[in-house]
Amino acid sequence: MPRARLTNGVATNPQSLAHWRLNAVAARSSPALSYLPDFSSAAAVTALVVISQLVALALTLAAPSGGRGFFVELARHSLLMLWMALASACVLTALRPVLARQTTAIATAYAIGLVLTTIALLSEAIFAFGERFAQSRLLESMAFFPATRWEFLARNLALGALITVGALRYFYVAHQWRSQIERQAESRIAALQARIRPHFFFNSMNTIAALTRSDPAAAEHAVEDLADLFRASLANPDAPVSLGDEIELAQVYQRMEEQRLGARLHVDWQLDELPLATRIPGLTIQPLLENAIYHGIEPRHEGGTVTVAGALEGDMLTITVTNPLPAIPAARESGHQLALNNIRERLELAYGGRARLEVTHTDDRYSILIGFPLGAGGHG
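Residues numbered from 1 in each chain as written. Predicted model: local features only at pLDDT ≥ 70, side-chain atom pairs only at ≥ 80, totals over all residues. Heavy atoms only, no water.

Trainee: What exactly am I supposed to notice about a nonpolar patch on the surface here?
Mentor: A grouping of Leu-57, Leu-61, Phe-70 and Phe-71 is seen on the molecular surface, where their side chains present a nonpolar patch of about 440 Å² in accessible area. At the level of elements, helix H3 (42-62) and helix H4 (70-94) are the ones that each hand at least two residues to the nonpolar patch. Residue position: Leu-57 is located in helix H3. (Patch = residues over 30% accessible without salt bridge, like charges linked within 9 Å, V, L, I, M, F, W, Y side chains within 5 Å. Areas by Shrake-Rupley, 256 points an atom, 1.4 Å probe, with all protein chains shown as cover. Salt bridge = Lys/Arg side-chain N within 4 Å of Asp/Glu carboxyl O. Helix = DSSP H or I, 4+ residues; strand = E, 2+ residues; numbered from the N terminus.)

See the structure below:
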């Protein structure tokens, strides 16, 4: 039976650490979205309006005015391009979930067909609207509306086909480029995370080796804790984990070190009211606790207290790990900086500069603040 545990008021058991594996499976099984963008976003709508008006301006400059005047012709083309662009975007947005389940070729063919069908229906509606105005004599002439149905329809379909094919090609290339950048970032995150594991493994094995002769029962429990830790650390590094799972992982590591250091180690967890469901990159807090114990507590004969404090600062969730420093610094600085540089680079890859990692220290205290933007999950 799995052992239920309680560490500083937080219940811990091996099954909950299996969430790391479930996160990995969920991330890998989620269907890939279509390369078509989300046309309902403000950025996409703005881009559509700008592009449609540029096309309208180009058509006005290229085509003869037919005696209607430049600005009348520009207004005709502007309204026509705007209606067609927005109507097509609405159709593609509504059917985007369906297109996302198709292959690239089929989704492209469907998208072209949907856009051309929308253009044809809109062209017919515009022509019928113009005829109704002409018959009711609300307009003196057909200066603003098309006079020839089939010429108007054929021109719109040809223009729509050219623009749609060009736009879809652009969206596809942009999607492939973004996917490649994301894959490269995920590979770098996996490589960086893999560099943490050997250091973590050797420290854990040293703990177990120290307990084997002095306390075999404690050594057995430490082996079980190590299995829990590796179940988590060997999960998919691309999938972010919840803050609660990351804290639980750090507390399992704390329990292992307490077996070795005894009363010399105490960890004060001050994480009340933090949103534990926040998604963060895995193995970010545990290495900070490991370093605090290794560099701050172990060299001190009297031991000390590591404080792990959390806070919400605007749209940032911050966690500060603080440890006392020995009177005579131990020669362990290189490993400490390696871990910090590793975490800093992983945060940069996951959040693109929106995360924080700040180091402050005095003669007797060393603190590391790490901040995660709320609502962001990184590259998981």
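From this point, the discussion proceeds with the structure in view.
Trainee: What exactly am I supposed to notice about H3 here?
Mentor: For an α-helix, the turn length of 3.6 residues means that residues three or four places apart are oriented alike. Its 21 residues place the ends of H3 30 Å apart at the C-alpha level, agreeing with the 30 Å of an ideal helix rising 1.5 Å per residue. Among the residues of H3, those classed as buried are Ala-44, Leu-48, Ser-52, Ala-56 and Thr-60. Considered in projection along H3, the buried side chains sweep an arc of 140° and stay on one side of the axis. Along H3, exposed side chains directed more than 90 degrees from the buried face belong to Ala-42, Ala-43, Leu-54, Leu-61 and Ala-62. On its buried face, H3 is in contact with H4. (Expected span 1.5 Å × (residues − 1). Buried < 20%, exposed > 50% of the residue type's maximum accessible area, 1.4 Å probe, protein only. Arc of directions from axis to C-beta. Contact = heavy atoms within 4.5 Å.)

Trainee: Any chance you could explain the confidence of the model for the protein here in plain terms?
Mentor: In low-pLDDT regions, the fine details of the predicted coordinates are not to be read closely. Scored by pLDDT, the protein comes out at a mean of 77, with 75% of its residues at no less than 70. Taking the mean pLDDT of every element in the protein, the minimum, 38, falls on strand S1 (residues 5-7) and the maximum, 95, on strand S4 (residues 265-270). Ignoring residues within four places in sequence, the model shows residues 1-33, a span with pLDDT below 50, making 68 contacts including any to other chains. (pLDDT = per-residue confidence, 0-100.)

Trainee: Got a minute to help me understand the pattern of salt bridges in this structure?
Mentor: A side chain with one charge can pair with a side chain of the opposite charge if their charged atoms come near. Summed over all chains, the structure comprises three salt bridges. Among the ionic pairs, Glu-313 bridges to Arg-356, the shortest N-O distance being 3.0 Å. One end of the pair, Glu-313, is in strand S6 (residues 304-313); the other, Arg-356, is in strand S8 (residues 356-361), and 43 residues separate them in sequence. Given the relative accessible area of 39%, Glu-313 is considered partly exposed. Among the residues examined, Arg-356 registers a relative accessible area of 25% and is labelled partly exposed. It is possible to trace a salt-bridge network through shared partners that takes in Glu-313, Arg-356 and Glu-358.

Trainee: So what exactly am I meant to see when it comes to the packing of aromatic side chains here?
Mentor: Two aromatic rings, taken as a pair, are described by how far apart their centres are and by the angle between their planes. Enumeration according to the criterion identifies five aromatic pairs in this entry. Counting every residue linked through ring pairs, the aromatic cluster contains Phe-39, Tyr-170 and Phe-171. (Phe/Tyr/Trp six-rings, centres within 6.5 Å; stacked < 30°, edge-to-face > 60°.)

Trainee: What is the right way to look at the sheet that holds S4 in this model?
Mentor: The mixed open sheet is built from five strands, whose spatial order is S4-S6-S7-S9-S8. Edge positions in the open sheet fall to S4 and S8, since each of these has one partner strand only. For this sheet the average axis-to-axis angle between neighbouring strands, irrespective of direction, equals 15°. In this structure, S6 lies alongside strand S7 (residues 316-324), joined through seven bridges in antiparallel fashion. Opposite Thr-307, over in S7, you have Thr-322 as the bridge partner. In the packing of helix H9 (residues 243-261) onto the sheet, the strands contacted are S4 and S7, and the crossing angle to S4 comes to about 160°. (Pairing = 2+ DSSP bridges. Axes fitted to C-alpha atoms, helices over the stretch in contact; angles between N-to-C directions.)

Trainee: Would you mind showing me how to read the nonpolar core here?
Mentor: The tendency in soluble globular proteins is for nonpolar side chains to be buried as a group. In terms of nonpolar packing, the biggest core is built from 34 residues, with Leu-243, Trp-269, Val-306, Val-308 and Leu-347 touching the most fellow members. At the level of secondary structure, the elements contributing two or more residues to this core comprise H9, S4, helix H10 (285-297), S6, S7, helix H11 (333-351) and strand S9 (365-373). Top element by residues in this core is H10. It accounts for six residues. Of all hydrophobic cores here, the second largest spans 20 residues; its members include Met-81, Ala-89, Val-115 and Phe-171. (Core = buried A, V, L, I, M, F, W, Y, C linked by side-chain atoms within 4.5 Å.)

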